[in-house]
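Tertiary structure, described
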Amino acid sequence: MNILAPVRRDRVLAELPQCLRKEAALHVRKDFHPRVICACQEHRTGTVGFKISKVIVVGDLSVGKTCLINRFCKDTFDKNYKATIGVDFEMERFEVLGIPFSLQLWDTAGQERFKCIASTYYRGAQAIIIVFNLNDVASLEHTKQWLADALKENDPSSVLLFLVGSKKDLSTPAQYVLMEKDALKVAQEMKAEYWAVSSLTGENVREFFFRVAALTFEANVLAELEKSGARRIGDVVRIHSDDSNLYLTASKKKPTCCP
Ligand SMILES: Nc1nc2c(ncn2[C@@H]2O[C@H](COP(=O)(O)OP(=O)(O)OP(=O)(O)O)[C@@H](O)[C@H]2O)c(=O)[nH]1
Ligand SMILES: [Mg+2]
C-alpha cells in the first residue's frame with residue numbers, strides 16, 4: 001500500500017525538460033535516454049523510486065540561494081536578506097516517467113563564518129548547484145572555489161553540476177549578454193550546465209529545477225541499470241556513448257576496447 005500522498009500534479013514530468021543553452025548543457029538529447037524510458041515502462045528502476053537524491057546549493061553570500069529554493073518550493077519571495085546559518089533543507093517530490101522521485105535540496109550558507117558548518121553537509125550529493133549573481137562578476141569568479149570545496153566531499157565523475165546566474169531581473173539586456181558570455185565559459189570549464197534565473201519574477205526557476213530533477217533521475221536510473229544488468233553478456237549499458245552528451249564526448253571518451 002502506498003502511504004504517501006500523491007505527487008502534486010505540477011511536479012509530474014512526462015518529458016525531458018530542455019537545457020537553457022546548448023553550449024553549456026549536460027546533454028542535448030531531446031528525450032530521456034532510451035534505456036531509461038524502457039526501464040520506467042517496465043518498472044525496472046531498482047531503488048530509484050524509493051531513493052531521495054541529495055542536491056547541494058552553494059555560492060557567495062547573498063547571491064540568492066535561499067530565494068531560489070523558496071521560489072520553487074513555496075512560490076514565495078522575500079526582498080529582505082536573512083542570512084542562512086549553517087544549512088537548511090527542503091524536500092521536493094516529483095513523478096518522473098511514472099516513477100516517484102524525491103530531491104532533498106540543501107541550502108547552504110555563503111557567509112564565511114558559517115562555511116565550516118555548511119561544508120560538513122556537502123558529502124553524498126548527486127547534484128551540485130553553484131549560484132552566482134549575474135550582476136556581480138566577483139561572485140562568478142568565486143564559483144570555481146565553491147566547486148572545488150564541494151568536490152572535495154564528492155565523486156567528481158558522477159556528480160551533476162549546474163551553474164546558475166541569479167537576479168536576472170536586475171540586469172539590462174546588454175549587461176546580461178556580457179555576463180552570459182563569461183558565465184558560459186566558466187560553465188564549460190567546470191562541465192556544468194548553465195542557467196539564468198530570477199527568483200523575484202520566477203523566470204526559469206521551475207524550468208531549472210525540473211531539469212535538475214530529470215537529469216538526476218536519469219543518471220540514477222542509468223547507474224542502477226549498470227549495476228544490475230551491465231555485466232550480462234549481450235546487455236551492456238553504454239551510458240557514456242551518446243554523441244549528444246556534450247561534455248562526456250568532448251573530454252571523457254571511453255577507450256575503444258569497451259564494448
Ligand atoms: N531583485 C532580486 N533580488 C533577489 C533575487 N534573489 C534574491 N534576491 C535578494 O538578494 C538577497 C539575498 O538573497 P538570499 O536568497 O537570502 O541569499 P543567499 O544566497 O541565500 O545568502 P546566504 O544565506 O547568506 O548565503 C535578498 O535581499 C533577496 O531578496 C532575485 O532574483 N532578484
Ligand atoms: Mg541563504
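Residues numbered from 1 in each chain as written. Chains lettered and ligands numbered in written order. Predicted model: local features only at pLDDT ≥ 70, side-chain atom pairs only at ≥ 80, totals over all residues. Heavy atoms only, no water.

In the nomenclature of an unreviewed UniProt entry, the chain corresponds to Ras-related protein Rab-34 from the organism Mustela putorius furo. The record held by UniProt for the chain lists under Subunit (unreviewed entry) the comment "Interacts with RILP. The GTP-bound form interacts with REP15." Quoted straight from UniProt, the Sequence similarities (unreviewed entry) entry for the chain says "Belongs to the small GTPase superfamily. Rab family." (UniProt positions renumbered as here; feature names shortened; annotations may be inferred.)

In a perfect tetrahedron of four donors around a metal, the angles come out at 109.5 degrees. In a perfect octahedron of six, they are 90 or 180 degrees. Those protein atoms acting as donors to the magnesium ion (ligand 2) are T66 (OG1) and T84 (OG1), and they sit at 2.0 Å. Of this pair, T66 sits in helix 2 (residues 65-74) while T84 sits in the loop between helix 2 and strand 3 (87-96), placing them 18 residues apart in sequence. Classification of T66 as partly exposed rests on a relative accessible area of 25%. (Donors = N, O, S within 2.8 Å, 3.2 Å for Na, K, Ca; no water. Helix = DSSP H or I, 4+ residues; strand = E, 2+ residues; numbered from the N terminus. Buried < 20%, exposed > 50% of the residue type's maximum accessible area, 1.4 Å probe, protein only.)

Let us look at the sheet that holds strand 3. Reading across from one edge, 1-3-4-2-5-6-7 is the order of the 7 strands in this open sheet, with mixed pairing throughout. Every interior strand has two partners, whereas the edge strands, strand 1 (12-13) and strand 7 (193-196), have only one. Looking at chain direction, strand 1 and strand 3 are connected through 2 bridges and run parallel. Within strand 3, the position partnered with V12 by the bridge is E95. Most of the contacts of helix 6 (residues 173-190) go to strand 7, to which it runs at about 155°, and overall it touches strand 5 (127-133), strand 6 (160-166) and strand 7. Contacts between helix 7 (residues 205-229) and the sheet are confined to strand 1, strand 2 (52-59), strand 3, strand 4 (99-108), strand 5, strand 6 and strand 7, with strand 4 contributing the most and set at about 120° to the helix. (Pairing = 2+ DSSP bridges. Contact = heavy atoms within 4.5 Å. Axes fitted to C-alpha atoms, helices over the stretch in contact; angles between N-to-C directions.)

Let us look at the packing of helix 1 (residues 34-41) against helix 7. The geometry of helix 1 relative to helix 7 is characterised by a closest axis approach of 10 Å and an angle of 80° between their N-to-C directions. Taken as axis vectors, helix 1 and helix 7 run roughly perpendicular relative to one another. In this structure, helix 1 contributes R35, V36, A39 and C40 to the contact, and helix 7 contributes F217, E218, V221, L222 and L225. Here the residues of the contact of helix 1 with helix 7 sort into 7 nonpolar, no polar and 2 charged. (Parallel < 35°, antiparallel > 145°, perpendicular 65-115°, else oblique. Nonpolar A, V, L, I, M, F, W, Y, C, P; charged D, E, K, R; others polar.)

Right, let's get into the confidence of the model for the chain. Of all residues in the chain, 87% have pLDDT values of 70 or greater, and the mean over the chain is 88. Here the predicted complex scores 0.90 on pTM and 0.99 on ipTM. (pLDDT = per-residue confidence, 0-100.)

Residues I129, F162, Y194, F208 and F217 are the most contacted members of the largest nonpolar core, which totals 69 residues. The element contributing the most residues to this core is helix 7, with 12 residues. With residues up to four places along the chain from it excluded, the contact list for F208 reads L68, I129, F162, V164, W195 and V197. (Core = buried A, V, L, I, M, F, W, Y, C linked by side-chain atoms within 4.5 Å.)

Around ligand 1, the surrounding shell holds 23 residues, and the nearest of these are K65, D78, Y81, G110 and D169. One of the side-chain nitrogen or oxygen atoms of Y81 is found 2.4 Å away from an oxygen atom of ligand 1. Between ligand 1 and L200, the relevant distance is 3.3 Å, taken from an oxygen atom to a main-chain nitrogen or oxygen of the residue. Burial of ligand 1 by the protein amounts to 93% of the accessible area it has alone, namely 660 Å². Partitioned by chemical class, the residues of the shell around ligand 1 number 9 nonpolar, 8 polar and 6 charged. (Near = heavy atom within 4 Å. Polar contact = N/O pair within 3.5 Å; in protein donor to acceptor, adjacent residues only side chain to side chain. Areas by Shrake-Rupley, 256 points an atom, 1.4 Å probe, with all protein chains shown as cover.)

The element strand 2 is extensively covered by neighbouring structure, given that 7 of its 8 residues are classed as buried. One ladder, built from 6 bridges, connects strand 2 with strand 4; its direction is parallel. By the bridge assignment, I52 is partnered in strand 4 with S102.

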